[in-house]
Each structure stands twice: as C-alpha cells, then as structure tokens.
Amino acid sequence: MTAHAAFAAALLDPDVAVPAGLTAWNGVDPMRRFAVYRNNVTTALTGVLADSFPVTQQLVGEDFFCAMARVFLRAHPPRSPLLHEYGHDFPAFVAQFEPARQVPYLADMARLEWLRLASLHAADAPVLAADDIAPLLADPAALPGLRLALHPAAAVLQSAHAVVSLWGAHHGVGALAEVDPYAAESALVLRPMLEVLVLRLPPGGGIFAAALAAETTLGEAAAAASADPSFDLAENLALLIRHGALGALRSSARN
Amino acid sequence: MTLPIETSSSSLRSESACRGGALGPAARGHLPARAGVGLKPQHFQDILDSPGELGFFEVHAENYMGAGGPMHHWLTRIRECHPLSVHGVGLSIGGQEPLDAAHLARLRILLARYEPEAFSEHLAWSTHAGAYLADLLPLAYDGRSLRRVCEHIDEVQMALGRRMLLENPATYVEFADSTMSEADFITEVVRRTGCGLLLDVNNAYVSAVNHGCDAAAFLAALPLEAVGEIHLAGFAVDRDAAGEPLLIDSHGSPVADAVWTLYEEVLQRIGPVATLIERDHDVPDFATLAAEAGRAEALLCRMAASTAEVCA
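Conventions and cut-offs
- Residues numbered from 1 in each chain as written.
- Chains lettered and ligands numbered in written order.
- Predicted model: local features only at pLDDT ≥ 70, side-chain atom pairs only at ≥ 80, totals over all residues.
- Heavy atoms only, no water.
- Helix = DSSP H or I, 4+ residues; strand = E, 2+ residues; numbered from the N terminus.
- Buried < 20%, exposed > 50% of the residue type's maximum accessible area, 1.4 Å probe, protein only.
- Contact = heavy atoms within 4.5 Å.
- Areas by Shrake-Rupley, 256 points an atom, 1.4 Å probe, with all protein chains shown as cover.
- Pairing = 2+ DSSP bridges.
- Phe/Tyr/Trp six-rings, centres within 6.5 Å; stacked < 30°, edge-to-face > 60°.
- Axes fitted to C-alpha atoms, helices over the stretch in contact; angles between N-to-C directions.
- Buried area = accessible area lost by both parts, 1.4 Å probe.
- Salt bridge = Lys/Arg side-chain N within 4 Å of Asp/Glu carboxyl O.
- Polar contact = N/O pair within 3.5 Å; in protein donor to acceptor, adjacent residues only side chain to side chain.
- Nonpolar A, V, L, I, M, F, W, Y, C, P; charged D, E, K, R; others polar.
- Lys, Arg positive; Asp, Glu negative; His and termini not counted.
- Arc of directions from axis to C-beta.
- Parallel < 35°, antiparallel > 145°, perpendicular 65-115°, else oblique.
- Left-handed = near helix turned anticlockwise from the far one by under 90°.

*Asks:* Would you mind going over the overall build of chain A with me for this structure?
*Replies:* Regarding its fold elements, chain A presents 11 helices and four strands. Structurally, chain A occupies a C-alpha span of about 85 × 40 × 30 Å along its principal axes. Residue burial in chain A is summarised as follows: out of 255 residues, 50% are buried. Taking as baseline every contact in chain A between residues at least 6 positions apart, the subset at least 24 positions apart corresponds to 66%.

This is the structure we're talking about:
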C-alpha cells in the first residue's frame, strides 16, 4: 500500500488507524492533527451534498441528513474534482437507506433536486420556439412522426408523491400543511434563462414528456400519455413550448 | 502598471460591457499588481455594477467546468472587464499517480475559453485510486516526490502551453520520510520546472505555527523572485494533543494581523505583486470583501509609490 493509499483510506474511514510515518515538531500523537484532514474531507463533502439537496435536508433535519451523507460519502466518494457532479447516485442511495424509509418521498425529492442541479449546469442550446413549430402544423399528417427532444437543460420526474408541491412549499409556494404527499405528481425541470424552474405537469404530462425525452415520436408519446384519460395533447405541447422545454428541431424525421 | 479606473456604474448595462477597451488583448498577459478577491456567485451583480474597484478576480477552475448555464454567463461578462486568475484545486499535482488526463484536458479548454492572466495549482494531492478527496493533502518532501511533482508540473505546463504558479500549502502534519524542508523543496521545483510561485502568506504562517517554525525565516528561504501572485486569507485556531496552537486554513474570517505584517515584509522584499483576498466560508457582502482588498491595495500603492510608479 502506498503512503497516499494509506492516508486516503484513513481519511474516509474513522475506524482505520492514522497512517504510519506522520510526525509533529513537538512529538505529540499526530491523531489530532490528522483529524483536521478527516474533518475537512467530511465537512466539504457533506456541505456539497447539503448545498445540492437542500429540501431533502429540510425534510429530515440537518443531523439526520449529515449522518446519512457521511454513510454515503464513505461508500461513494467523488470520482471527479467537479463537485457539481457529486451526488448523481445519492437519490438511489437515499431510496435504499433504511432509516429514511419513514419519509417515503425523500428519494424522489433528492431525484428532483439532482435534476435541478443538472439543469443548472447543462449545455446552453436554442429552444424550440413557437415560430419554429408553426410550419409543422401545416402538415398535420406528418405530426405523429415528428421527434421533439427535450432541451438539454430540461428534464422530467414522474413521482408517486407530491414532489412539486412539497418542493414549492419549501420555497414559499403554498402551505406545507395543505400538501398531500401521497398525491402523484410529475415535475418538469427547466432553465429558461439563468434560473432553474420546477413546474407541475398536467395529467399524463409526465408520461408524455418522459417519452419525448426518450426520443420517441410525437405520436407514440401522445399514445403512451393517453393511458391517463385526462391527458390533453394540445395543452401539454403548448406548455412545453411556452416554457422553452423543447430543443430546436434536429430533423423532422418521419417513421 | 496601473489600469484605468472605470467609474461609471451604468456602463455595464449595455452588451458591449467595458468602455474604453481597458482590457483589450494588449492589456492581457499578466495580473496587475493590484488587489483582487475570489469570485463568488452572490457578488456577480455587484461586481458588474462597480467595474474597476478591484484589480482582478480569481475563480476555482473546477467551478466553471460545467457544460453551460449561469456560471459561464456571469464569468464571461465579468471577464470582459477584469483581469482573471484561474486557480485549480483538483489536479492533484502532488499525487503518487499519473495526472488525470481528462481533467487536464478540461483545464486546457477552460483556459482557452477565458484566457486568464494567471493559472495556479497547489503543492498538494487530492485524488487517489480514482477517488477525489476534496481537500489539499500533504506530501513527504523527498527525492521521489520532488521528481514526481516536477514531472507533473512539466506535463501541466506543456499541456496548457503556459507557465503555471505553484501554491505553497497549509499543512497540519509532517512526514518521517521527508528529507528536505518545504522551502528547499519548493525552491528546487521552481528551479527545475521554471514554474512561478503563488505565495500564500496565510499558508506560510499557518504551517510555520503548526510546525514550530519561524514564518519570516520560512518566507526568506522561498524563491521569492518567482512570486507571480500572493494569497491572503484568514485561519481558525485549534489546539493539538499537547495544547499547542494548531491553525486551520479555513478561509472563513478576515486576514489576521500577523499575516498582514508578513505580507508587508514580503512586499518590501519583492515589490508590489497581484494579491488576492481568499474567502470561501462565511463570505461577507461584496463591499466588506472589497474593503479588505482595499487594505492590500493601499499597501501595494504605497509600495508602488516608493518605487516611483504612479498609483491610481
């Protein structure tokens, strides 16, 4: 084991002994000094997760969140110095984290917050404007074969819980006490200008937008979303266009 | 060299950003010998509203490696009007493993995009076996690590096509394996690679206290002629197992008086050099941070005046 391997192992796991070969000018036990590094690493990474998943933290409290984050970071240290990419697998970890089971919507909140972070740093790209789609409407027969992709900064989350309402209530939109957390909601995350927005999609909208994100045709996406009898294609398409959630057309490929 | 001070607070409302072309290509090349601060998102708008107040801004490279979005939007606008220093924290130059080629490639793209006047990294390591440890970790100062650090710096300077500045670390432990002092190690790295020195006066003070050394003697033993930029920051005070002070390089408080004193001594030796106030925790409002930078700027001006240069 190299010196740095021993140092790294002891940094992440407090049960691993302080690496050999550390000294101090006054001959003291280096444990307390090494602890500065341990603390720096843990504080930095739990801080990154707390910054990236703020509502997830509010839902369980700071102490619980930090304890959960410490378990996570020991098993999943960052694989890159780009810390805005750290936490991609945190929602899946939360879903499997036994002590968090009593907050069944916690993992979906973490998924929503991850999508927000990904949206913030996503590539800049032109959106599909209403003017772009007008010519397509002139040929209704071709519409079902059209492939509309989501903008790089747009994403959809279909949840069995009221993630959008819960997220909104933690940002001053609506009262938390009035949210039924067990009402299914689908979130649309997007970055129309410089700020990331979270919108609640209408019935069937989650299926529809997720199908578009999977690059199915407009016809297939509409057919899938029609599993929800309240789905309204025109309403959903207008919403996605109005908020700049669709990317510019790459081609009007037909089946 | 002094830069024209932009006084109109409204000049940045327009898309053309900087009036007067104060920072056209000819003005780029090296950081001005003025004070700057670390660029924080909460200060973006304040900075655009008060151009010229500070000499330069510094960003952590890794914070601007996302594909797009507001971070690039704001940095692009601020860079149009201010000299820029890009400061890497993730290259792991002191690591025992090869440099991360993908990360070096990202750096090359970032520097090509923003063309900063300076690029710096740390005499430390942060990655091992693919795990990024989010801290600047210490290394033993021996012949093997000297060769490795020099190879890494050669590789960086080759890949980036520019001279880099290497920052002296703040450390909390020493190594039984070390065969040379930190100052001798840094001197040799600078001599072999031709890199410059980012002199972190706070780190020098923190390390000197933590290792029972004299900070002024440590500074005097460094290759000060290679200094291309200075960092100043605040530390926190802890105690080691014997109750001796253990200073933590926390970047969470104003610069300490002892560090200001050392800074003045350094300026007297080497003259005015671009100086950054680093603040990463408990970040105050922009006016407060700019005022602290103003203290460094005043010292730089006094130094410049004493060497017969005119201060704006």
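There's more to say after this.
*Asks:* Just checking my understanding: could you explain the overall build of chain B for this structure?
*Replies:* Helix and strand counts for chain B come out as nine helices and 13 strands. For chain B, contacts bridging at least 24 residues in sequence account for 78% of all contacts bridging at least 6. Accessible area for chain B stands at about 11,900 Å²; split by element, carbon and sulfur atoms hold 53% of it.

*Asks:* What is the right way to look at the pairing of strand β12 (residues 245-248) of chain B in this model?
*Replies:* Both faces of the sheet carry side chains from a regular strand, because those side chains alternate between them. Residue and element names in this part refer to chain B. Strand direction decides the pairing type here: strand β11 (residues 236-239) and β12, joined by four bridges, are antiparallel. Considered in β12, the bridge of Arg239 is made with Pro245. Taking the residues that link successive antiparallel strands as the turn, the β11-β12 hairpin has five residues, and the phi of Gly243 there is positive, at about 85 degrees.

*Asks:* I would appreciate a short explanation of the packing of aromatic side chains in the present structure.
*Replies:* Ring pairs (aromatic) are described by centroid distance and by the angle formed between their planes. What the rule picks out here adds up to 19 aromatic pairs over all chains. Each member of the aromatic cluster is reached from another via a ring pair, and the members are Phe53, Phe64, Phe65, Phe72, Tyr86, Phe90, Phe93, Phe97 and Trp114 of chain A.

*Asks:* Can you help me understand the sheet that holds strand β4 (residues 118-122) of chain B in this one?
*Replies:* The strands that make up a sheet are held in pairs by hydrogen bonds between backbone atoms, and each pair lies either parallel or antiparallel. The strand order around the closed barrel formed by eight strands is β1-β2-β3-β4-β7-β9-β10-β13 (chain B), and the pairing between neighbours is parallel. Pairwise comparison of adjacent strand axes, ignoring direction, gives a mean angle of 25 degrees for this sheet.

*Asks:* I keep staring at the interface of chain B and chain A and nothing clicks. Help me out?
*Replies:* Taken together, the contacts link 48 residues of chain B with 40 residues of chain A. Looking at the side of chain B facing chain A, the largest losses of area belong to Tyr132, Leu133 and Tyr172 of chain B, adding up to 15% of the total buried there. Applying the counting criterion to the chain B and chain A interface returns two salt bridges. Note that Asp238 of chain B is salt-bridged to Arg32 of chain A, the shortest N-O span being 3.6 Å. Linking chain B to chain A there are 19 residue pairs in polar contact (both at pLDDT 80 or more). When residues of the side of chain B that touches chain A are traced back to their parent elements, those giving at least two are α2 (70-81), α3 (101-114), β5 (125-128), β6 (131-137), β8 (174-175), α6 (201-210), β11 and β12 of chain B. It is β6 of chain B that contributes the most residues to the side of chain B that touches chain A, seven residues altogether. Residues belonging to the side of chain B that touches chain A are distributed by class as follows: 25 nonpolar, 15 polar and eight charged.

*Asks:* Is there a simple way to explain the side chain of Glu167 of chain B in this structure?
*Replies:* Residues and elements named next belong to chain B. Within the secondary structure, Glu167 is located in strand β7 (residues 165-167). Despite being buried, Glu167 has no salt bridge partner; Lys40 is the closest side chain of opposite charge, sitting 13 Å away. Sequence-distant contacts of Glu167, that is, excluding residues within four places in its chain, are made with His87, Glu121, His122, Leu123, Leu198, Asp200, Asn203 and His231.

*Asks:* In this structure, what is going on with the pattern of salt bridges? I would like to understand it.
*Replies:* Oppositely charged side chains are able to pair whenever their charged atoms sit close together. Residues and elements named next belong to chain B. Following the criterion strictly, the structure yields 12 salt bridges over all chains and no others. When the shortest N-O distance is used, the salt bridge between Glu297 and Arg34 registers 2.8 Å. A residue pair is termed long-range when its members are at least 10 positions apart, and Glu297 in helix α9 (residues 286-306) and Arg34 in the segment before β1 (35-38) qualify at 263 residues. Judged by its relative accessible area of 18%, Glu297 is buried. Note on Arg34: relative accessible area 8%, which makes it buried.

*Asks:* Help me understand helix α10 (residues 218-225) of chain A, please; the structure alone is not making it clear to me.
*Replies:* Note: α-helices contain 3.6 residues per turn, so residues at a spacing of three or four share the same orientation. All names here are of chain A. Those residues of α10 that fall on the buried side of the exposure criterion are Leu218, Ala221, Ala222 and Ala225. Buried residues of α10 fall within an arc of 95 degrees about the axis and therefore sit on the same side. On its buried face, α10 sits against α9 (205-213) and α11 (233-242).

*Asks:* What should I look at first to understand the environment of Thr43 of chain A in this one?
*Replies:* With respect to the helices, strands and loops of the structure, Thr43 of chain A is situated in helix α2 (residues 31-52). On a C-alpha basis, the gap between Thr43 of chain A and Arg116 of chain A in space is 23 Å, while along the polypeptide they are 73 residues apart.

*Asks:* What's the story with the environment of Ile109 of chain B in this structure? I'm lost.
*Replies:* Position of Ile109 of chain B among the secondary structure elements: in helix α3. Distance in space between the C-alpha atoms of Ile109 of chain B and Leu160 of chain B is 9.1 Å, their sequence separation being 51 residues.

*Asks:* Explain the packing of α3 of chain B against helix α4 (residues 143-160) of chain B here, please?
*Replies:* To characterise two packed helices, one gives the angle between the axes of the helices and the distance between these axes. Residues and elements named next belong to chain B. Where α3 contacts α4, the axes come no closer than 9 Å and their chain directions differ by 40 degrees. Overall, the two elements α3 and α4 adopt an arrangement that is oblique. Seen from above, α3 lies across α4 with right-handed handedness. Every residue of α4 that contacts α3 at Leu104, Leu107, Arg108 and Leu111 is listed here: Glu155, Val156, Ala159 and Leu160. Taken together, the residues of the contact of α3 with α4 break down into six nonpolar, no polar and two charged.

So yeah, pure geometry; function would need other evidence.
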